[in-house]
Amino acid sequence: MKIFLVVLLILILTSCNSGEGIDTVVTLVDMNKLELTPVTKKDEIHDNPKTDISSIHNKNDRFDEEGITINHSEYTVSETKQNKLTEILNKYKFDAGIYLIDLDTKMSLGYNADMKFSTASTVKAGYALYCFNQIAVGHAKFTDLMTFREKHLITGSGDTQNSEFGTVFTIRALLYRMLYNSDNVAYYMLLDFFGFDGYNAMMKQIGCEHEISNADKWGNYSPHELGLIWEAIYNFKDTCDEGKLLWDYLTNNLYNELKDTLKYDVIAHKSGWNPVGYHDAGVVFGVRDYIAVIMTRAGKNLCLYELIRWVDEVVIEYDDWLV
């Protein structure tokens, strides 16, 4: 029986290679007889030789404790736009942090850009970057398998939580689920497979103090740190097939507050929300191409939409200033 199950599994995986069958799931009849878990943990850090993740242009941006700070430009936000930001914040009475990078000129704007926020599901974009990087350098494969266990169960977004314990997923299926509909169980399973140490080391190379662990799988970071992660994702997308696939997942996912608000054709993003805040972050291809990070400590997402529109209006104003 064991031999039969092994042969059956090989046939299924052969028919669903890394380029096809995004949601590859294998359910085994008798999991007590055939244990399928990763042979080794992928905790070590290995840079992809095709890209230098430590070379992040805006790593050394600095911000004033109060008000709006501009780096790498003589541009200043107009009084009209400054007043509008104040009106939004006073209207909802919440803490918010904003970080913006123009991808052409590298001008950056920060408001409370060093303030720490709980990551919520925005952490999944950076963790996906680490996973795809590990696959790119050959320390994991899309066809590697992970078994859904009770220890991975967490409620919230995603439908993997509705699967039976013992269901086996390919790593590619878990990555897709984690990014497409922000699947929490898929995130926990990937954490179990790839570990924490390599991810934390990558974050430090990028310029982030942010860390996660088995005790705290989500962590905290600032809008500036999240912006640096997205700068790394943007740089990674053109270096290899894995970078292109990550970018494809991030431009074709759900819950896209940036796209719902701005209506531009191409926006790569990862949002996140929990009882104490709503966030969204990503790359916007609009009047100008830019990275936008908006993090809030607000129990409702209406404020997020208004801040997204404010950021885009500032980008349009900056574009006019350049002319």
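That block above? That's the structure.
What you see is a predicted model, and the numbers here were worked out from it, not measured in a lab.

A word on the overall build of the chain
Logical step 1: The number of helices and strands found in the chain is ten helices and eleven strands.
Logical step 2: Burial statistics for the chain: of 323 residues in total, 55% are counted as buried.
Logical step 3: Accessible area of the chain: about 14,000 Å², with a carbon and sulfur share of 49%.

Structural notes on the sheet that holds strand β4 (residues 108-111)
Logical step 1: The sheet built from six strands is open, its strands ordered β2-β4-β3-β11-β10-β9 with antiparallel pairing. Edge positions in the sheet fall to β2 (68-71) and β9 (267-274), since each has one partner strand and no second. Sheet twist, expressed as the average angle between the axes of neighbouring strands with direction ignored, equals 5 degrees.
Logical step 2: Sheet topology note: the strand β3 (residues 96-102)/β4 ladder contains four bridges and is antiparallel. Of the residues in β4, the one forming a bridge with isoleucine 98 is tyrosine 111.
Logical step 3: Packed on one face of the sheet, helix α8 (residues 241-251) meets β9 and β10 (277-285) and runs near 60 degrees to β9.

Points about the pairing of β4
Logical step 1: Side chains Ser108 and Gly110 project from β4 onto one buried face, and the interleaved Leu109 and Tyr111 project onto a second face that is buried too.
Logical step 2: The turn linking β3 back onto β4 is made up of five residues, and lysine 106 within it adopts a positive phi angle of 70 degrees.

Focus on the pattern of salt bridges
Logical step 1: Overall, the coordinates contain 13 salt bridges when judged by the stated rule.
Logical step 2: When the shortest N-O distance is used, the salt bridge between lysine 84 and glutamate 313 registers 3.0 Å. Remark: glutamate 313 occurs in helix α10 (residues 302-322) and lysine 84 occurs in helix α2 (residues 79-92); sequence separation between them is 229 residues.
Logical step 3: We classify lysine 84 as partly exposed; its relative accessible area is 34%.
Logical step 4: Salt bridges sharing partners connect three or more residues here, namely Asp102, Asp104, Arg288 and Asp319.

Observations concerning unusual backbone geometry
What is expected of a backbone is that most residues other than glycine have negative phi and most peptide bonds are trans.
Logical step 1: With a phi angle near 65 degrees, histidine 72 is a residue other than glycine that sits in the positive phi range.
Logical step 2: Turning to its location among the elements, histidine 72 is positioned in the loop between β2 and α2.
Logical step 3: Owing to a relative accessible area of 46%, histidine 72 belongs among the partly exposed residues under this scheme.
Logical step 4: For lysine 263, which is not glycine, the phi torsion reads 70 degrees and is therefore positive.
Logical step 5: Counting through the fold element by element, lysine 263 comes out in the loop between α9 (257-262) and β9.
Logical step 6: The class for lysine 263 is exposed, based on a relative accessible area of 62%.

Observations concerning a nonpolar patch on the surface
Logical step 1: On the surface, a cluster of nonpolar side chains totalling about 260 Å² of accessible area is made up of Leu254, Tyr255 and Trp273.
Logical step 2: Tracing the sequence through the fold places leucine 254 in the loop between α8 and α9.
Logical step 3: A relative accessible area of 33% means that leucine 254 is categorised as partly exposed.

Comments concerning helix α4 (residues 171-180)
Logical step 1: Most of α4 is tucked away: eight of the ten residues are buried.
Logical step 2: Of all the residues in α4, the buried ones are Ile171, Arg172, Ala173, Leu174, Leu175, Arg177, Met178 and Leu179.
Logical step 3: Note on α4: the residue one or two positions beyond its end, serine 182, has a positive phi of about 55 degrees.

Thresholds applied
- Residues numbered from 1 in each chain as written.
- Predicted model: local features only at pLDDT ≥ 70, side-chain atom pairs only at ≥ 80, totals over all residues.
- Heavy atoms only, no water.
- Helix = DSSP H or I, 4+ residues; strand = E, 2+ residues; numbered from the N terminus.
- Buried < 20%, exposed > 50% of the residue type's maximum accessible area, 1.4 Å probe, protein only.
- Areas by Shrake-Rupley, 256 points an atom, 1.4 Å probe, with all protein chains shown as cover.
- Pairing = 2+ DSSP bridges.
- Axes fitted to C-alpha atoms, helices over the stretch in contact; angles between N-to-C directions.
- Contact = heavy atoms within 4.5 Å.
- Salt bridge = Lys/Arg side-chain N within 4 Å of Asp/Glu carboxyl O.
- Patch = residues over 30% accessible without salt bridge, like charges linked within 9 Å, V, L, I, M, F, W, Y side chains within 5 Å.

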